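Architecture at a glance
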Amino acid sequence: SDANVFIEGESGTGKELAAKALHAKSPRARRPLIKINCAALPKDLIESELFGHVKGAFTGATSDRPGLIEEAHKGSLLLDEITEVAEKNQVDLLRVLQEREVVRGGGHARVPVNVRVVAATNRDPREQVAEGRFREDLFYRLSVIPIVVPPLRDRREDLPVLVATFLQEFCARHDRPARTFSGPAMQALLAFPWPGNVRQLRNLVERLVITSPGAAIEIQDLPEEVRSPRLHDTLDLKERVREAEREAILRA
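Residues numbered from 1 in each chain as written. Predicted model: local features only at pLDDT ≥ 70, side-chain atom pairs only at ≥ 80, totals over all residues. Heavy atoms only, no water.

On to the nonpolar core. Grouped together as the largest cluster of nonpolar side chains are 28 residues, with contacts concentrated most on Ile69, Leu77, Leu79, Ile82, Phe134 and Leu142. Sorting the residues of this core by element identifies β2 (33-37), α2 (43-51), α3 (68-71), β5 (76-80), α4 (87-99), β8 (116-121) and α6 (136-142) as the ones contributing at least two each. Of the residues forming this core, the biggest block, four residues, is contributed by α4. Phe134 has contacts with Phe6, Ile82, Thr83, Gln90, Gln128, Val129, Phe139 and Leu142, leaving out every residue within four places of it along the chain. Judged by nonpolar contacts, the second largest core, of 24 residues, contains Leu162, Phe181, Trp194 and Leu222. (Core = buried A, V, L, I, M, F, W, Y, C linked by side-chain atoms within 4.5 Å. Buried < 20%, exposed > 50% of the residue type's maximum accessible area, 1.4 Å probe, protein only. Helix = DSSP H or I, 4+ residues; strand = E, 2+ residues; numbered from the N terminus. Contact = heavy atoms within 4.5 Å.)

In structure tokens:
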């Protein structure tokens, strides 16, 4: 398809991989997939990154510079953490989607663009719309095809396949002999709720490939929070507090 897509899912579930797969299967596969993490950029830089600027638009703008939307022409644009974009930039982005043209910062010329947008967020976009943080018209313009990537705890049947894939990858990368998980160790992995989702699982498998002494990774090789649900509950609370603090800082 060539339609805009809105991907929802918790951090670490694989939203970027889903976006790459969508691009690879689309008619635009031979053109670039341009990615931007909207939460990682200061709000005053997002406009320049997305829309570009002309020479003299601001101090330090010594030449014309196309934005990422122009670079994605005839390709796809992944806007990760789209709900972090400021309202002014949301208006500009909506205009680009409607008019299919970009006006660079400080300029007047309209540059035609043909871009398929894949937006992603780890927040509930409907809540963001209800709270006035995200424009409803932009949400519906982006969400032609909505996709929800479920957390790992809701698709535990994927875990053995993911573990096997990560074992193969990291044994090769770190020049280690083939590794497997013992039955009790795999049962512990299946029982763990994985608050960090696939990213957390991937990091753990890499650590165990490096540190485990035997060919079989045993349950005693696992971190204590994976072996002890009670300890995990304490750590999970601390992680929730850290996430709440991070969100408060980002909003400020």
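With respect to the helices and strands, the residue Leu94 is situated in helix α4. In this structure the C-alpha to C-alpha distance between Leu94 and Phe139, which are 45 residues apart in sequence, comes to 9.3 Å. Apart from the residues lying within four places of it in its own chain, the contact partners of Leu94 are Arg135, Asp137, Leu138 and Arg141.

Right, let's get into the packing of aromatic side chains. Pairs of aromatic rings are described using the distance from one ring centre to the other and the angle between the two planes. Summed over all chains, the structure comprises three aromatic pairs. Ring plane angle 55 degrees and centroid distance 5.1 Å describe the contact between Phe139 and Tyr140, whose orientation is recorded as tilted. A centroid spacing of 4.7 Å and a plane angle of 85 degrees characterise the contact between Phe192 and Trp194, whose relative ring orientation is edge-to-face. Trp194 carries the same exposure label as Phe192, and that label is buried. An aromatic cluster of three or more residues is present, and its members are Phe6, Phe139 and Tyr140. (Phe/Tyr/Trp six-rings, centres within 6.5 Å; stacked < 30°, edge-to-face > 60°.)

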